[in-house]
Amino acid sequence: MNKVSALIFGCNGYTHEIVKNIKHKYENIIVFKHKDESRNLELERSNVEIFDFTESWSFLKDIYDLDNSISFCVLEDDAENIFLTISLRSTFEELNIIALSKNKESATKLTMAGANKVIPMVQTTASIISDILDKPIVTDVLHSILYEKSDLKIAEIEITNESFFNGKYPSDIEWSKKYGVIIVSIIHEDLSSEFIYSSKAKHHAIKDGDIFVVIGYEADIKEFKRFIGRN
Amino acid sequence: MKSFVVDWAYSLSVSQSYQKNKRFVHNCLENDDYKYKKYFDIFMVILIFLSVSILIREVKSHVDDFWLNFSNYFVSLVFFVEYILRLWISSSVSNIIIKNYEHDDMLDIEFQLSSTFYEIIKSKLQYIFSIKAIIDLLAIIPFFHQLRLLRVFVLFRVFKLFRYARSFQTFTSVLATKKFEFITLLMFAGIVIFVSSVLIYVMEANEANSKIDTLYDAFYWSIVTISTVGYGDITPITTSGKFVTMMVIITGIAVLAFTTSIIVSAFDEKLDEIKEVKTIDDIRKIKGLYIICGYENIAKEVAKQLLVNNNVLVLDEDISRVEEAKRDGILALNYDPGNIDSYKKLRIDINTQVRAILCLRESDVENVYTTLTVRSISKDVYILSLLINDIHKNKLVFADANEILYTKELVGMIAREFIGKPVAFEAIHTLRAGYKNIDIDEIIIDKRVLSSFATIGELNNIKYRLVLLGIYRQAHKRFFFSPIDSTILEHGDYLVVIGNKVFIKEFEKYLHTKSINE
């Protein structure tokens, strides 16, 4: 059986940080280094393969379980990154591709090239900086939740026993008093995300298949999951 | 006598009240940065306008004695006092005496009063004969109103206006840079006027029908012609006279064009400087300023985002980037952010006026250098710096940056979150970006809020459809998630709420105005 893997295209500082952050989830991480990229000795000690843009990539499906794998396109040159993304997407329709772009313009092109998620570096960094300055406490709280720097966690929980709620609306229930968690958003079947107190969410009875985005302490979240379904 | 003079000089220089008064007068008269100077300037401008209005009115109408006395005595007295005060602060007599005494004492030679007095008189005369002081003096003269001729000196009071109008000072300083060109032009025009006047006088003065009778007429004609005004009251009648006229007209056009081009080029060269002075003046009035050092990719985006609700100043040593910032509608100066002089030139109090300094160059060397520079000026100002290569992180920590942002680490963390909880990640991202008008915000609990609300349960956030994520207790620097209703609010707490932007604003208003409404 082919391995579930993380494929990282590009061998640079970003690669190093991505490897550091995902190795807890992916045992098999392969770094594809473009032949023109400069040597990165630290990364070259791990699983590194050399590629160039004439590669057909079809060999990947023989080695890896691409439907369940994830790929990162992090070449420093935006044009090359777009070319790489489009090459991968044209070969593998289902591959989950996360790509890095310098700015919004490239981000749009990467989305058009088939990336599932694009991280526009400049905008992301700038937003974080202005958030730190404008809303330092909010930023601190969200970062500690998102990047697991505190005991607070964020989780996605899918509803599987709607009968538990008996047709109630999400805003009618005092979640934090009853279960010690806070429901921030509800994702409906059509994958649209709604704030719990938004008009749409207020008129949408809880039903199976809804996903709750929940913030709380780990034990409370686990307890809550037991009530309403599974992760 | 000598020791008395020296003792007197020393006593003045150490007298706090004397120095304080002198400083106050100096600030009122000369220091544009002094907040009360503008009131003094306005007062003087009003006096000048009143004085000139009385003069104009007096030409054909009767003016009350009150107003005449006001103009002749009160205004003149105020101007006289101002003149004396300006003379007083123009140089320090005590400093000159002390300087000369210490100089002679150090060289072990006898202290000479005569040479010291000579130096004092020289310094005062230097002021008295300056153009501004002469205008000030002439503006006082209408006090001698019995001498009708001297009344016209009231017009010098108009010239005094220039002392209080900074734009005129800018204008003269700009023209002063072209002094050489103006002198050359003036000499050229003077020679042409002189030669043409003599020529026309020689050619026309003896003609019966000619209106040029004297050399004065010839000068008058020459100046009217060369200036291209050409009243036509005096015209040449001889062929040779007409030839001279043509030459003068052609020269006049050249002189006029040359004068215009000198003024234009002077302003063109000084335009950036003038704009810079104006920008610095604007900056000095701003509080809660963000200074962004460098204007590259990330800096541009940060500036754009901060500009929505804040005042932003960009400092960059690269002129093209500064121009780009200006085109983007941001206050920007072509100053090196790594140079202490740049901050001195801004004349701002970094501790009170600046909210944060952001070192956003895409070079760690520059960012470390700027951080150190800023920290050497202020120990307290908040500094945020970008980190491009993590091997330099310890240098930024050592330079004492408050917040260090390593962009590559961010990508790693985003990747981690995205592979783990993509839906939650998107939900939080949506919140932070403020899409669909849903926002996450912090509301401070100040004394006003505390006077109406004692516990979390009383806040009634549900009514405003807000999720209370928790409270941040400033005193403990700790976040309390989803606090129970009986939690007692403390001064300085922050509520972290999620909800519709409009409702958050309404809720904040409700917290602050509940006591009034009740």
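Here, residues in each chain are numbered from 1, in the same order as that chain's written sequence. Here chains are named by letter from A upward and ligands by number from 1 upward, in the order in which they appear as written. Two thresholds apply to this predicted model, a pLDDT of at least 70 for residue-level local features and 80 or more for giving and counting side-chain atom pairs, whereas whole-chain, interface and lining totals are computed over all residues.

1. Points about the sheet that holds strand 1 (residues 289-293) of chain B
Residue and element names in this part refer to chain B. Operational definition: Strands were regarded as paired on the criterion that DSSP finds at least two bridges between them. Working definition: helices are DSSP H or I runs of at least four residues, strands are E runs of at least two. Numbering for both runs from the N terminus. Here the axes come from fitting lines to C-alpha atoms, over the contacting stretch only for helices, and the angles between their N-to-C directions go from 0 to 180 degrees. Once C-beta atoms have been placed from the backbone, residue pairs whose C-beta atoms lie within 7 Å are recorded as contacts.
Spatially, 3-2-1-4-5-6 is the arrangement adopted by the six strands of the open sheet, whose pairing is parallel. If you trace the sheet from one side to the other, it starts and ends with strand 3 (331-333) and strand 6 (403-406), each paired once. The sheet shows a mean angle of 20 degrees between the axes of neighbouring strands, taken without regard to direction. Relative to strand 4 (residues 354-359), strand 1 is paired through five bridges, and the arrangement is parallel. Paired with Cys293 across the two strands is Cys359, which belongs to strand 4. Of the strands in this sheet, strand 1, strand 2 (311-315) and strand 3 are in contact with helix 12 (residues 239-284), which crosses strand 3 at around 125 degrees. The strands that helix 14 (residues 319-327) touches are strand 2 and strand 3; relative to strand 3, the one it contacts most, it runs at about 165 degrees.

2. Digging into the domain arrangement of chain B
As a measure of interface size, the accessible area lost when the parts come together is often cited. Put simply, the test is: The split into domains, and so the bounds of each, comes from an automatic or database assignment of domains.
Assigned domains within chain B: domain 1 (2-164), domain 2 (179-270), domain 3 (286-409) and domain 4 (422-517). A C-alpha centroid distance of 41 Å is found between domain 1 of chain B and domain 2 of chain B.

3. Quick word on the interface of chain B and chain A
On the side of chain A, 52 residues touch chain B, which itself brings 49 residues to the contact. A total of 14 residues in the side of chain B that touches chain A trace back to one element, the largest contributor, which is helix 19 (residues 407-420) of chain B.

4. Digging into unusual backbone geometry
A negative phi holds for most residues other than glycine; trans holds for most peptide bonds. All names here are of chain B. Within the chain, Thr228 stands out as a residue other than glycine whose phi angle is a positive 65 degrees. With respect to the secondary-structure elements, Thr228 resides in the loop between helix 11 (215-226) and helix 12. In this structure, Arg465 is a non-glycine residue whose phi angle is positive, near 55 degrees. Mapped onto the elements of the fold, Arg465 is located in the loop between helix 21 (447-452) and strand 8 (467-473).

5. As for the environment of Thr116(B)
For Thr116(B), the position within the fold is in helix 6 (residues 113-128). Each C-alpha atom of the pair Thr116(B) and Ser71(B) lies 39 Å from the other, and the pair is 45 residues apart in sequence.

6. A word on helix 13 (residues 297-306) of chain B
Note on helix geometry: an α-helix contains 3.6 residues per turn, so any two residues three or four positions apart are oriented the same way. Note the following rule: Three exposure classes are used, all based on how many other C-beta atoms lie within 10 Å of a residue's own C-beta (placed from the backbone): buried at 20 or more, exposed at 12 or fewer, and partly exposed between those limits.
Of all ten residues in helix 13 of chain B, seven are buried; the element is thus mostly enclosed. Those residues of helix 13 of chain B lying buried are Ile298(B), Ala299(B), Lys300(B), Glu301(B), Val302(B), Ala303(B) and Leu306(B). In the core, the buried residues of helix 13 of chain B are packed alongside helix 6 (121-134) of chain A together with strand 1, strand 2, strand 4 and strand 5 (383-387) of chain B.

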